Amino acid sequence: MYTNWDDLKRDCLSCQRCELCKTRLNVVVGVGNPRSKVLFIGEGPGENEDKQGEPFVGRGGKLLDKMLAAVHLDRNKNIYIANIVKCRPPQNRDPFPEEQQQCNLWLQAQIELIKPKIIVCLGRIAAMKMFKPDIKITREHGQFFEKDGILYMATLHPAALLRNPNNKPAAFEDFLKLQEKIMQLCPETYEGE
Ligand code: URA
């Protein structure tokens, strides 16, 4: 149980709980405002994230930032972004369940410190791990599910949107629903814009 970010970051940066520590360049802990009430969770770092030590900094990240900006969200101001696994899986394969399990300690500690009201899962892997193991993302993205006092929503992964741009409008609808929910549950997210 962590009570401050400095301790959490220090320990996470030196983690060797799974094999991914052997091939990583950087541990990607997360980015954003730890006092925000809205947490985004991706799957795991890719090549660019591994090099730079920050989540979603490649082409998918640029698209994510654009969609966030359209609903007045900004990774440097009013949200936090983390991943299920903090180290890059080789060749960008899906993280193994064992790796997700070992890394869960860090994500749970982040959730305990942030105490988010809303968690947005970017893609199927994050949604399965966080709230609905049997999620059908094409059908259930944009829907809110309550679990342990937190509202969860899955949206399509930015990398999937780059592969399939036809789905961008549907994903944008999810962000509009999110904006509405934020205004209801944590309007302070938008204060001081
Ligand atoms: N994809 C993810 O799921 N997370 C990142 O940080 C980058 C790409």
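Preceding this section is the structure that the text describes.
Parameters at a glance
Residues numbered from 1 in each chain as written. Predicted model: local features only at pLDDT ≥ 70, side-chain atom pairs only at ≥ 80, totals over all residues. Heavy atoms only, no water. Buried < 20%, exposed > 50% of the residue type's maximum accessible area, 1.4 Å probe, protein only. Helix = DSSP H or I, 4+ residues; strand = E, 2+ residues; numbered from the N terminus. Arc of directions from axis to C-beta. Contact = heavy atoms within 4.5 Å. Phe/Tyr/Trp six-rings, centres within 6.5 Å; stacked < 30°, edge-to-face > 60°. Lys NZ or Arg CZ within 6 Å of the ring centre and 35° of its normal. Core = buried A, V, L, I, M, F, W, Y, C linked by side-chain atoms within 4.5 Å. Near = heavy atom within 4 Å. Areas by Shrake-Rupley, 256 points an atom, 1.4 Å probe, with all protein chains shown as cover. Nonpolar A, V, L, I, M, F, W, Y, C, P; charged D, E, K, R; others polar.

**Details of helix α1 (residues 5–13)**
- Turning to α1, its buried residues are W5, L8 and C12. Seen from one end, α1 has its buried residues packed into an arc of 65 degrees, which puts them on one side. The outward face of α1, more than 90 degrees from its buried face, is lined by the exposed residues D6 and R10.
- Along its buried surface, α1 packs onto β3 (80–83) and α4 (97–114).

**Some points on the packing of aromatic side chains**
- Taken as a whole and assessed by the stated rule, the structure comprises 5 aromatic pairs.
- Ring plane angle 40 degrees and centroid distance 6.1 Å describe the contact between Y2 and W106, whose orientation is recorded as tilted. With Y2 in the segment before α1 and W106 in helix α4, the pair connects residues that are 104 residues apart, well separated along the chain. One exposure class covers both Y2 and W106, and it is buried.
- Among the aromatic side chains, those forming a connected cluster through ring pairs are F131, F145 and Y152.
- The ring of F96 has R93 lying over it, and the distance from NZ or CZ to the ring centre is 3.7 Å.
- Over the ring of F144 we find K181; its NZ or CZ atom is 4.9 Å from the centre of that ring.

**Points about the nonpolar core**
- Among the nonpolar cores identified, the biggest contains 59 residues, and F40, L73, C121 and M130 are the most heavily contacted of them.
- When residues of this core are assigned to their parent elements, the largest contribution, 7 residues, is made by α4.
- Contact partners of M130, with chain neighbours within four places excluded, come to I41, I84, L107, I111, C121, K147 and Y152.

**What to know about the site of the ligand**
- Looking at the ligand, the residues that line it are G42, E43, G44, E49, P55, F56, N83 and H157.
- Taking 240 Å² as the accessible area of the ligand by itself, protein coverage stands at 90%.
- Partitioned by chemical class, the residues of the shell around the ligand number 2 nonpolar, 4 polar and 2 charged.

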